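# Working through the structure, step by step
Listed here are the chains, written in short residue letters.
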Amino acid sequence: MNAPVPVSLLVNGEPIDAFVLPRLNLADFLRENLKLTGTHVGCEHGVCGACTVRLDGEIVRSCLMLTVQAQGASVETIEGLSDSGEIADLQAAFRERNALQCGYCTPGMLITAQDLLKHVSVPDRRAIREHLSGNYCRCTGYQAIVDAVEATAKMRAERGV
Amino acid sequence: MTVTRAPADTLSVLDRPNSYIGKTVPRPNLDRLLQGRGQYVSDLELPRMAHVVFLRSPHAHAKIAAIDADAATRMPGVISIVTGRELEAVITPWVGVLSHLKGLKSAPQHAIAVDRVCWQGEAVAAIVATSRAAAEDAMEHISVDYEELEAVTDMRAALDPAASVIHAALGDNLAFERTLDAGDVDLALSGSELVEADFVFGRHTGVTLEPRAVVADWNPAEARLTIYQGTQAPHMVQNIAALHLGLREAQVRVVCKDVGGSFGIKVHIYADEMATYALSKLLRRPVKFVADRVESFNTDIHARDHRCRGRIGVRPDGTITAFEIDDLTGIGPYSMYPRTSAIEANQVVNLVGGPYATANYRARARVVFQNKNVMCQYRAVGHPIACSVTEGLVDLAAAKIGMDPVEIRRRNLIADDAYPCASPSGMKFERLSHHASLTKLLQMMDYDALRAEQAALRARNVHRGIGIASFIEVTNPSAAFYGVGGAKISSQDGVAVRLDAQGSVICQTSITEQGQGSESLTAQIVGSVLGVSMERVRVTLGDTDNTPYGGGTWASRGAGIGGEAALQAAKALRENILNVAAAILQSTPAELDIVDNGVVNAADGAPRIDLNELARIVYFRPDTLPPGIQPELMATRHFVPRQYPFAFTNGVQASWLEVDTETGFVQLLKHWVVEDCGTIINPQLVDEQIRGGVVQGLGAALFEKCIYDERGQLTNANMADYLVPMSGEMPDIEIGHVVSPTQESELGAKGAGEAGTAGAAAAVANAVNDALRPFGATITEIPLTPQVILTALGRI
């Protein structure tokens, strides 16, 4: 079980074939093998949310998942979501509201916020705080992030998105 | 926003048309972070880069009898396994003392332990391999023969003459003691009601989301070491690394791009970082060290850890007659280098009673060695301790004489027209605004309505509390902080500004960026003073090869010191530009101005020459300039405050919360802050600094504690067991401002980074006690966990 095994997956729409050690977690695979360093590693045990990515449409902690478990899956990282424009309005709201300081939690925060907005069109502040409560931010005090997510939700509702 | 004093007439550069000063504008370069395209040190890879992991002691105190690394050396990918003894040949040990903290002592500390370990987590060997995983695999095959020694963990027991002495050569476990006796405390207390309490502050830590990270790259061909490090003080790292590796400063370059959180955690130089620099030199290749989360908990500096006995005297009319404290703080086995671990206790002595007018103050602070991780400066050094003790005592005094907590503060806070003045501990206050701040806070929170709501809910067995905490904050530190004590930590900062060949502006500043907005405030100031739009201003920082020499970012100095340097550099460049413009236009500098990226007539604003065109002439057609003109489209200025050793700021916080007396859980409902940081450069950034600071203070108040057992084992060294504030538990935080610019600089800015953390825990503790008043319970311990609250209520 210690030898590299083949794995095939889609990352940000791009087919990837690689040989990986079975123990390699998805966060390290994205960062070290694919150089997608926007996926950050904060705690390495699934608490902080910095490594959040989307796997077949659902958000997961990439530090808690082995790369081989992503066999055949579609993984989307912050780089992919940025380039596709899917979260451009959310990113703009974060920029306007200064909803980040050091920016280390931000990729995970954005992906988690987008997940909420996909499922609930206009969540209230309580719901936003609860949905983001698995993503640690030491800098902002969270209020600016909640404001930015709330503003994005309202703008999308007005646009009928 | 309330402005207590209009800026002086000379502040005209701040009032220029299209000034960015005082305006909320988005930080430049945020898109990089928003798209996951930041450049953190943990992201960095270099050709031939090796990875180091450290084998760390499982014991709090032990002799290292033998290390057997033979099997590990043969593991795949292993490049080298290095012990403390072997690394000694490359790097010298250090002692963390400062001469102005008289009597402060510490023992020589090595990059990797030699012969003996003094806390659980101290490194005993470095494993360098082609990948971190390979290094970790090999680490498991190293066997270390330890002889366990008695661990001194309790800071009171450490001072017992019978206690084992951690560093025998030092004689005892007392690292530092300071006493102060101002006024006549005994006389003041003899005629007063007395209140006493023991305040207990748990150890907590910074938990930066990106752990400490270093890539050290010794290039033997150039005889130069490049250190990529997430640090707040690049020039300090340069100086220290050079000193202990036997290099000249010019042989060391420190580069710091994006930093995933710092808060004082990354203003120090850690033994494992020193070891990484040394390993790169030893092995002649780049070496990367990134702490994992368990290592972060065990080796990032811890903070606070105080037991403070406090006394206050009060008369029936509410007059506070005296404060007295006896503070004990545990710092681990070494005073941290180079800032030392005595600064916090020193600050506590300086700051207790600070907002209040009483002249009678007696203090003793003792700093004690223990076999626990090192304790040192973290955001708002000493402030939360001083504020919690002071404000806890003031509330207890109010309760004793049956006075409202607001009223007792009104009667004792230093009057807003009493400045300049000094505190009993000798701190010089240029101008503070306690009363204006308190008045504004009460308006914002609608104090009377909250009191009425509290009373109505109490009748329904719902227990809510209001806590108020006034505070003072040390910012803009001069050389009095470290320089006078012999530490090579610069208190001045420099900014170089130049006009490029297309009329854009490049700034190089010695302050650093960790997300607080240093780039933004620099660009805002330079753009405003020069009359150039912010989009045309690019800021470079965090690189000792490419910035002026300076202190970096700590103790809330970026805006006040680095901002003033930027202002002065921009003024100088502006003068240079107008001089050359006058020569080109056959005019005089006084008749010209720069607005919207172009030189205009000062009188009527008519455009004369675009900066782009001016730069083109200067750089590419200097032959067309009049004889004798040598344009200097670059200017550098440095700044440090000289008149006041620190710019004190002030503020007041209030917490509104509910205590569930059945479960002991606290629900934060709302938090208010009024703060006076002088000139505000970017209101949004200031407010977010304060909010972030408040939440760090709330973490200390309710959740965060490094829990050690009696053998010095840290029992909750992970983010699942060590609780940090998450969005679900945090309240909305409302911020207001009073503005008293410092007259020491033209900009008038003071710091705002510590303010939130300084007062949050005190406000929460006072609010919890306010909520529990019907039960006759008083708690003077943080974190206020359900266990602490239920114990105070007699339920467990």
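Remember, predicted model here, so these are calculated numbers, not experimental data.

Definitions and cut-offs
- Residues numbered from 1 in each chain as written.
- Chains lettered and ligands numbered in written order.
- Predicted model: local features only at pLDDT ≥ 70, side-chain atom pairs only at ≥ 80, totals over all residues.
- Heavy atoms only, no water.
- Pairing = 2+ DSSP bridges.
- Helix = DSSP H or I, 4+ residues; strand = E, 2+ residues; numbered from the N terminus.
- Contact = heavy atoms within 4.5 Å.
- Axes fitted to C-alpha atoms, helices over the stretch in contact; angles between N-to-C directions.
- Salt bridge = Lys/Arg side-chain N within 4 Å of Asp/Glu carboxyl O.
- Polar contact = N/O pair within 3.5 Å; in protein donor to acceptor, adjacent residues only side chain to side chain.
- Nonpolar A, V, L, I, M, F, W, Y, C, P; charged D, E, K, R; others polar.
- Domains from an automatic or database assignment.
- Buried area = accessible area lost by both parts, 1.4 Å probe.
- Buried < 20%, exposed > 50% of the residue type's maximum accessible area, 1.4 Å probe, protein only.
- Expected span 1.5 Å × (residues − 1).
- Core = buried A, V, L, I, M, F, W, Y, C linked by side-chain atoms within 4.5 Å.

So, about the sheet that holds strand 9 (residues 193-205) of chain B. Note on sheets: strands pair through backbone hydrogen bonds, and any given pair is parallel or antiparallel. Residues and elements named next belong to chain B. Spatial strand order, 8-16-15-14-9-30: six strands in an open sheet with mixed pairing. A single partner strand is all that each edge strand has here, and the edge strands are strand 8 (174-182) and strand 30 (781-782). Pairing geometry for strand 9 and strand 30, over two bridges, is parallel. Within the sheet, the bridge partner assigned to Phe201 lies in strand 30 and is Ile782. The sheet contacts of helix 10 (residues 343-351) involve strand 8, strand 14 (302-314), strand 15 (320-330) and strand 16 (361-368), and relative to strand 16 the element is tilted by about 170 degrees.

Moving on, we get to the interface of chain A and chain B. Each partner contributes residues to the interface: chain A has 49 residues there, and chain B has 53 residues. Between Asp732 of chain B and Arg129 of chain A there is a salt bridge; the shortest N-O distance is 2.8 Å. For the pair chain A and chain B, the interface holds 37 residue pairs in polar contact (both at pLDDT 80 or more). Mapped onto the side of chain A that touches chain B, the elements with two or more residues apiece are helix 1 (26-33), helix 2 (78-84), helix 3 (88-97), helix 4 (106-119), helix 5 (125-131) and helix 6 (143-159) of chain A. Along the lines of polarity and charge, the residues of the side of chain A that touches chain B split into 18 nonpolar, 17 polar and 14 charged.

Glancing now at the domain arrangement of chain A. Residue and element names in this part refer to chain A. Domain boundaries in chain A define domain 1 (5-81) and domain 2 (85-159). Summarising the inter-unit geometry, the C-alpha centres of domain 1 and domain 2 are found 22 Å apart. Around 1,400 Å² of area is buried between domain 1 and domain 2 when both sides are counted, 54% of it from carbon and sulfur atoms. In this assembly, domain 1 and domain 2 are joined by one salt bridge. We note a salt bridge from Glu86 to Arg54, for which the minimum N-O separation is 2.8 Å. Scanning the region where domain 1 abuts domain 2 turns up seven residue pairs in polar contact (both at pLDDT 80 or more). Of all the elements in the fold, those that place two or more residues in the side of domain 1 that touches domain 2 are strand 3 (52-55), strand 4 (58-61) and helix 2. In terms of residues, the side of domain 1 that touches domain 2 owes the most to one element, strand 3, which gives three residues.

Before going further, it helps to spend a moment on the pattern of salt bridges. On inspection of all chains with the given rule, the structure shows 63 salt bridges over all chains. Salt-bridge contacts for Glu150 of chain A lead to Arg125 of chain A; the nearest nitrogen and oxygen are separated by 2.7 Å. One end of the pair, Glu150 of chain A, is in helix 6; the other, Arg125 of chain A, is in helix 5, and 25 residues separate them in sequence. Residue Glu150 of chain A is classed as buried on the basis of its relative accessible area, which comes to 19%. Salt bridges sharing common partners tie together Arg97, Arg125, Arg129, Asp147, Glu150 and Lys154 of chain A together with Glu688, Arg691 and Asp732 of chain B.

The next subject is the sheet that holds strand 25 (residues 607-610) of chain B. Residue and element names in this part refer to chain B. Taking strand neighbours across the sheet as the criterion, the three strands line up as 23-24-25 in an open arrangement whose pairing is antiparallel. The strands lining the two open edges of the sheet, one partner per strand, are strand 23 (592-595) and strand 25. Averaged over all neighbouring strand pairs, the angle between strand axes comes to 30 degrees, with direction disregarded. When strand 23 meets strand 24 (residues 598-601), the two strands line up antiparallel, connected through four bridges. What sits directly across from Asp593, in strand 24, is Val600.

All names here are of chain A. Along its 17 residues, helix 6 runs 24 Å from first to last C-alpha, staying within 8% of the 24 Å computed at 1.5 Å per residue. Looking only at helix 6, the buried set comprises Gln143, Ala144, Ile145, Val146, Asp147, Ala148, Val149, Glu150, Thr152, Ala153 and Arg156. Where helix 6 ends, the next residue or the one after it, Gly160, has phi of about 70 degrees, a positive value.

Residues Phe94 of chain A together with Tyr277, Met445, Ile468 and Val768 of chain B are the most contacted members of the largest nonpolar core, which totals 213 residues. Broken down by element, this core gets its largest block of residues, eight residues, from helix 11 (residues 383-401) of chain B. Counting residues domain by domain, this core receives three or more from each of domain 1 (5-81) and domain 2 (85-159) of chain A. When sequence neighbours within four positions are dropped, the list of residues in contact with Phe94 of chain A reads Ala99, Leu100, Thr106, Met109, Leu110, Ile145, Ala148 and Val149 of chain A together with Leu34 of chain B. Val539, Ile577, Leu625 and Ala749 of chain B belong to the second-largest nonpolar core, a separate cluster that totals 51 residues.

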